[in-house]
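The lines below spell out each chain.
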Amino acid sequence: MTMATGVYGKFLLTLGTGSPNFLLNAGDTIKLALVTDAETPVFDTDQVYGDVSANEVLGTGWTASGTLNSPTFTQDTTLNLVKLSGANVSAASTTLTNIRGVVPYDDTIATPVVKPLICAINFGQTYSTTAGTLAITWNIANGLMYITY
Amino acid sequence: MRGPPPRTTAQWVQAALEVERATRGRVFTGRMADLRDDELRAPLKETIISTADRTMRVHTEGRRVIYSPRGEPILIVEMPEGGNQIEHGDHLHAAIRPEAAAVLGKARS
């Protein structure tokens, strides 16, 4: 089993069906589930937070999924892409072990599914903190996830 | 390094320490909480792997020690994947710079 980077198929399906109705620019709370390498995303069928929560990393200073501040879903007509971006993460005084990746999900949606997943991001390496700062700097051009056209 | 080249082992060690102090053992005067500070980075190293029919150059983790104004060592380990771990005293920090997940929708010609 191993962590991987990708976009969940069920999330892409919602772009056409509108169900569940993601409102990424209109108040939905996007949360970040840190996961260990035991998490193996199944991009065909995984759909909700409950599919990844068993492998979530919890600890001091990060007792539940952290919030992605200022989430925005925007179009870049120069790079020809649509992307999900947000504020960089900086959490002080954390003690967390074996962080291998992050799974952003919509914490606001409760129907027809609860807390649907957006994508999975593999860090490529395991990180830990001890009474230290966890900083995640998103890709400045592509954010957390992007779709080219 | 000026003067005649070192000849004894002790001279070589002394010369190496001087280079360490001059190039890598800098005093960090920024804020520890700002893990995106360029001073909290360490250049990656390279190693060459040779097989029967090809040679590859691969990056390996970089390590660097800087010092706080109090003289405490701060160990920086930079991963080939782009993030780093920073250790000083009993504290371990993580600075992660992940690549984004992508859906490539443009047809290739």
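Here is a short report on the structure shown in this document. As the structure is a computational prediction, the values presented were derived from the model and not from experiment.

**With respect to the pairing of strand β5 (residues 84-88) of chain B**
All names here are of chain B.
- The element β5 is largely enclosed, with a buried count of four among its five residues.
- Where strand β4 (residues 73-78) meets β5, four bridges bridge the pair, whose relative direction is antiparallel. In the sheet register, valine 77 faces β5, and the bridge partner there is glutamine 85.
- Count of turn residues in the β4/β5 antiparallel hairpin: five residues, of which glycine 82 carries a positive phi of about 110°.
- In the sheet, β5 pairs with strand β6 (residues 91-96) via five bridges, with the strands oriented antiparallel. Opposite histidine 88, over in β6, you have histidine 91 as the bridge partner.

**Remarks on unusual backbone geometry**
Residues and elements named next belong to chain A.
- Of note, the amide linkage connecting serine 19 to proline 20 takes the cis form, showing an omega dihedral of 0°.
- Tracing the backbone shows proline 20 in the loop between α1 (9-17) and β2 (30-35).
- The residue after threonine 111, namely proline 112, is reached through a cis peptide bond having omega 5°.
- Mapping proline 112 onto the fold places it in the loop between β6 (89-106) and β7 (119-136).
- With a phi close to 55°, serine 70 is a non-glycine residue in the positive phi region.
- Tracing the chain through its elements places serine 70 in the loop between β3 (66-67) and β4 (72-76).

**Some words on the interface of chain A and chain B**
- In this assembly, 35 residues from chain A lie in contact with 25 residues from chain B.
- Summing the contributions of chain A and of chain B, the shared interface buries around 2,400 Å²; its carbon and sulfur component is 57%.
- It is Tyr127, Thr133 and Thr137 of chain A that lose the most area in chain A upon contact with chain B, and together they represent 24% of the buried surface on that side.
- Taken together, the connections running from chain A to chain B amount to zero salt bridges.
- If you look at where chain A meets chain B, you find 14 residue pairs in polar contact (both at pLDDT 80 or more).

**What about the sheet that holds strand β7 (residues 101-104) of chain B?**
- Spatially, four strands are ordered β4(A)-β5(A)-β8(A)-β7(B) in an open sheet, and the strand pairing comes out mixed. A single partner strand is all that each edge strand has here, and the edge strands are β4 of chain A together with β7 of chain B. Pairs of neighbouring strands in the sheet enclose a mean axial angle of 15°, with direction left out of account.
- The pairing of strand β5 (residues 81-85) of chain A with strand β8 (residues 145-148) of chain A spans four bridges and is antiparallel. Looking at the pairing, leucine 84 of chain A lines up with methionine 145 of chain A of β8 of chain A.

Rules behind the numbers
Just so you know, the residues in each chain are numbered from 1, in the order the chain's sequence is written. Naming scheme: in the order in which they are written, chains are lettered from A and ligands are numbered from 1. The predicted nature of this model means local features are confined to residues of pLDDT at least 70 and side-chain atom pairs, given and counted, to a pLDDT of 80 or more, with totals for whole chains, interfaces and linings taken over all residues. In computing side-chain values, all of the structure's heavy atoms are included and hydrogens and water are not. Burial here depends on accessible area, computed with a 1.4 Å probe over protein chains only, as a share of the maximum for the residue type. Under 20% is buried, over 50% is exposed, and the range in between is partly exposed. For helices the rule is a DSSP run of H or I covering at least 4 residues; for strands it is a run of E covering at least 2, with both sets numbered from the N terminus onward. Strand pairing is assigned whenever DSSP detects at least two bridges linking the two strands. It only takes one pair of heavy atoms within 4.5 Å for two residues to be counted as in contact. Put simply, buried area is the surface a 1.4 Å probe can reach on two separate parts but cannot reach once they are joined, added for both. Only one rule defines a salt bridge in this text: a Lys or Arg side-chain nitrogen within 4 Å of an Asp or Glu carboxyl oxygen. Polar contact is defined as a pair of N or O atoms within 3.5 Å, subject to the rule that within protein one atom must be able to donate a hydrogen and the other to accept it, and that residues adjacent in sequence are counted only when both atoms are side-chain atoms. For helices, the fitted axis covers only the stretch in contact; all axes are lines through C-alpha atoms, and the angles between them, taken along N-to-C directions, range from 0 to 180 degrees.

That is the geometry; function is a separate question.
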